[in-house]
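# A closer look at the structure
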Amino acid sequence: MLERLAPDEYVKSIFDIDLDVLKEKGIRGLIIDVDNTLVSWETKTADRRILDWFFVLETKGFRACILSNNTKDRVVKFTEQIRIPAVYRAAKPRKKAFLKAMRAMGTGDKETAVIGDQIFTDVYGGKRLKLYTILVMPVAEREFFTTRFARKVERKIIKNLVKRGDLQEPRTR
Ligand SMILES: [Mg+2]
């Protein structure tokens with residue numbers, strides 16, 4: 001059961017993802033979560049560093065799509081400056097929205113990676129479709145009340161996966 005939740009990679013932040021290695025693996029499209037993956041949930045817009053990262057993605061030839069369980073307002077406002085497709089109210093880990101994101105990028109399952117901070121939504125959703133999954137450490141400690149309990153369980157699962165050798169400690173560059 002636990003290994004069904006193990007991401008392929010665990011990194012400290014999006015900036016620690018080795019994009020060249022992903023390319024070598026044949027990944028062309030990235031499905032990216034917003035809240036606590038790119039910015040904290042109270043941060044409404046992307047800062048310079050995030051915008052630069054998306055620029056690097058583009059220059060390296062990656063497609064990208066935002067996939068968020070948050071509201072239209074939140075996601076549209078955040079994505080405005082980045083100009084990539086976005087799916088809001090995604091109901092992750094349901095498969096439907098992941099498939100929609102892949103259609104938006106024109107990528108198949110072997111070419112698509114999911115990047116997110118939550119095991120039960122981002123990682124599990126991606127794994128249900130056999131996508132490559134990258135777990136990042138949450139950007140901020142403060143969370144919605146509803147996320148707090150899931151986060152506790154997730155920390156336990158991550159600890160266990162690391163202990164069993166199914167997962168490496170988060171990588172930094
Ligand atoms: Mg998140």
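Now for a look at the structure at hand.

How each quantity is defined
Residues numbered from 1 in each chain as written. Predicted model: local features only at pLDDT ≥ 70, side-chain atom pairs only at ≥ 80, totals over all residues. Heavy atoms only, no water. Buried < 20%, exposed > 50% of the residue type's maximum accessible area, 1.4 Å probe, protein only. Helix = DSSP H or I, 4+ residues; strand = E, 2+ residues; numbered from the N terminus. Pairing = 2+ DSSP bridges. Right-handed = clockwise from strand over helix to strand, strands pointing away. Core = buried A, V, L, I, M, F, W, Y, C linked by side-chain atoms within 4.5 Å. Contact = heavy atoms within 4.5 Å. Donors = N, O, S within 2.8 Å, 3.2 Å for Na, K, Ca; no water. Axes fitted to C-alpha atoms, helices over the stretch in contact; angles between N-to-C directions. Salt bridge = Lys/Arg side-chain N within 4 Å of Asp/Glu carboxyl O.

Moving on, we come to the pairing of strand β5 (residues 112-116). On any regular strand, side chains alternate: one points to one face of the sheet, the next to the other face. By the criterion of burial, β5 is predominantly enclosed, with five of the five residues buried. Where strand β2 (residues 29-32) and β5 come together, four bridges link them in parallel fashion. Paired with Leu 30 across the two strands is Ala 113, which belongs to β5. Sheet analysis places β5 next to strand β6 (residues 132-136), joined by four bridges and oriented parallel. Bridge pairing in β6 places Ile 115 opposite Ile 134. In this fold, the crossover linking β5 to β6 by way of helix α5 (residues 119-128) has right-handed handedness.

Looking now at the nonpolar core. By size, the foremost hydrophobic cluster in this structure holds 29 residues, and its most contacted members are Leu 30, Ile 32 and Phe 54. For this core, the secondary structure elements donating two or more residues are α1 (19-24), β2, α2 (48-59), β3 (63-67), α3 (72-79), β5 and β6. Per element, the largest residue contribution to this core is five residues, and it comes from α2. Residues in contact with Phe 54, not counting those within four places in the same chain, are Ile 32, Leu 38, Ala 64, Ile 66, Ile 82 and Ile 84. Counting residues in each nonpolar core, the second largest holds 13 residues, with Ala 97, Met 105, Val 114 and Leu 129 among its members.

All right, on to the coordination of the magnesium ion then. The protein atoms that coordinate the magnesium ion are Asp 33 (OD), Asp 35 (O) and Asp 117 (OD), at distances spanning 2.1 to 2.2 Å. When the donor residues of the magnesium ion are listed from N- to C-terminus, their spacing reads D-x1-D-x81-D. Of the two residues, Asp 33 sits in the loop between β2 and α2 while Asp 117 sits in the loop between β5 and α5, which places them 84 residues apart along the sequence. What makes Asp 117 buried here is its relative accessible area of 3%.

So, on to the sheet that holds β2. What the six strands build is an open sheet, ordered β1-β6-β5-β2-β3-β4; its pairing is parallel. Each end of this open sheet is capped by a strand with a single partner; those strands are β1 (9-11) and β4 (86-87). Where β2 and β3 come together, four bridges link them in parallel fashion. Bridge assignment links Gly 29 to a residue of β3, and that residue is Arg 63. Strands β2, β3 and β5 of the sheet are contacted by α2, whose axis makes an angle of about 155 degrees with β2.

This part is about the pattern of salt bridges. Under the defined criterion, the tally for this structure stands at 10 salt bridges. The closest approach of N and O atoms between Asp 35 and Arg 74, which form a salt bridge, is 2.6 Å. Here Asp 35 is found in the loop between β2 and α2, whereas its partner Arg 74 is found in helix α3, with 39 residues between them in sequence. Overall, the relative accessible area of 15% leaves Asp 35 in the buried class. We classify Arg 74 as buried; its relative accessible area is 8%. The shortest N-O distance in the salt bridge between Lys 92 and Asp 122 comes to 2.8 Å.

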